[in-house]
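Commentary on secondary and tertiary structure
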Amino acid sequence: MECSKCGSNNTQRLQDSFDAALPTEVPPTKRSLKWPGIGIFISLLLLANGGETIVFGVLTLMSSGFLGYKAYQFNSKFWPGLYMRWQASWKCNECGVIFHRP
Ligand SMILES: [Zn+2]
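Notes on the structure follow. (Residues numbered from 1 in each chain as written. Predicted model: local features only at pLDDT ≥ 70, side-chain atom pairs only at ≥ 80, totals over all residues.)

Turning our attention to the pairing of strand S2 (residues 89–92). One ladder, built from three bridges, connects strand S1 (residues 11–13) with S2; its direction is antiparallel. Across the sheet, residue arginine 13 finds its bridge partner in S2, namely tryptophan 90. Two elements, S2 and strand S3 (residues 98–100), share three bridges in a ladder whose sense is antiparallel. Among the inter-strand pairings, lysine 91 is bridged to a residue of S3, identified as isoleucine 98. Hairpin geometry of S2 and S3 is characterised by an intervening segment of five residues between the two adjacent antiparallel strands and by a positive phi of about 80° at glycine 96. (Pairing = 2+ DSSP bridges. Helix = DSSP H or I, 4+ residues; strand = E, 2+ residues; numbered from the N terminus.)

Below you can see the structure in the form of structure tokens.
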């Protein structure tokens, strides 16, 4: 692959030259569903408890559900595109530029 900036052939895919020291080269990560899951679990306990805690249970359930939905939406809609873009990223070993090419 030829560098889009200096024309050098000394390039490699980010995937192959993965270096955790450089934050821009880290592959995109999926959002964790751990905390929304824990929130929903707690809300169910609050709801099962009955009485005044039901209000907190409903609020926790709503916010956890919303967070979980946003995380799920990110993972299913945006993450694949980000990951594909990362996979199509090349780095020039001559000038250090990062360019995208499928
Ligand atoms: Zn270059």
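Moving on, we get to the sheet that holds S3. With antiparallel pairing, the three strands of this open sheet are ordered in space as S1-S2-S3. For this open sheet the edge positions go to S1 and S3, each flanked by a neighbour on one side alone. Between one strand axis and the next, the sheet turns by 30° as a mean value, whatever way the strands run. (Axes fitted to C-alpha atoms, helices over the stretch in contact; angles between N-to-C directions.)

With that settled, the discussion passes to the environment of tryptophan 90. Looking at the element boundaries, tryptophan 90 is found in strand S2. According to the C-beta neighbour criterion, tryptophan 90 is buried, with 20 such atoms within 10 Å. Along the chain, tryptophan 90 and leucine 14 lie 76 residues apart, while their C-alpha atoms are 5.3 Å from each other. Beyond its immediate sequence surroundings of up to four residues, tryptophan 90 is in contact with Met1, Thr11, Gln12, Arg13, Leu14, Phe99 and Arg101. (Buried ≥ 20, exposed ≤ 12 C-beta atoms within 10 Å, placed from the backbone. Contact = placed C-beta atoms within 7 Å.)

Taking 1.5 Å per residue, 16 residues should reach 22 Å; helix H1 (residues 34–49) reaches 23 Å between its end C-alpha atoms and fits that length. Glycine 50 sits one or two positions beyond H1 and adopts a positive phi of about 75°. (Expected span 1.5 Å × (residues − 1).)

With that settled, consider the packing of H1 against helix H2 (residues 53–87). Here H1 crosses H2 at 160°, and the two axes come no closer than 8 Å. The orientation of H1 relative to H2 falls into the category roughly antiparallel. Considering the relative orientation of H1 and H2, their crossing is left-handed. Across from Trp35, Pro36, Gly39, Ile40, Ile42, Ser43, Leu46, Leu47 and Asn49 in H1, the residues of H2 making contact are Thr53, Ile54, Phe56, Gly57, Thr60, Leu61, Ser63, Ser64, Gly65, Leu67, Gly68 and Ala71. Split into classes, the residues belonging to the contact of H1 with H2 amount to eleven nonpolar, ten polar and no charged. (Parallel < 35°, antiparallel > 145°, perpendicular 65-115°, else oblique. Left-handed = near helix turned anticlockwise from the far one by under 90°. Nonpolar A, V, L, I, M, F, W, Y, C, P; charged D, E, K, R; others polar.)

Tracing the chain through its elements places glutamate 2 in the segment before S1. In this structure glutamate 2 comes out as partly exposed when scored by C-beta crowding, with 14 C-beta atoms within 10 Å. C-alpha of glutamate 2 to C-alpha of valine 26: the two residues are 24 residues apart in sequence and 22 Å apart in space. Filtering out sequence-adjacent residues up to four positions away, glutamate 2 remains in contact with Gly7 and Asn9.

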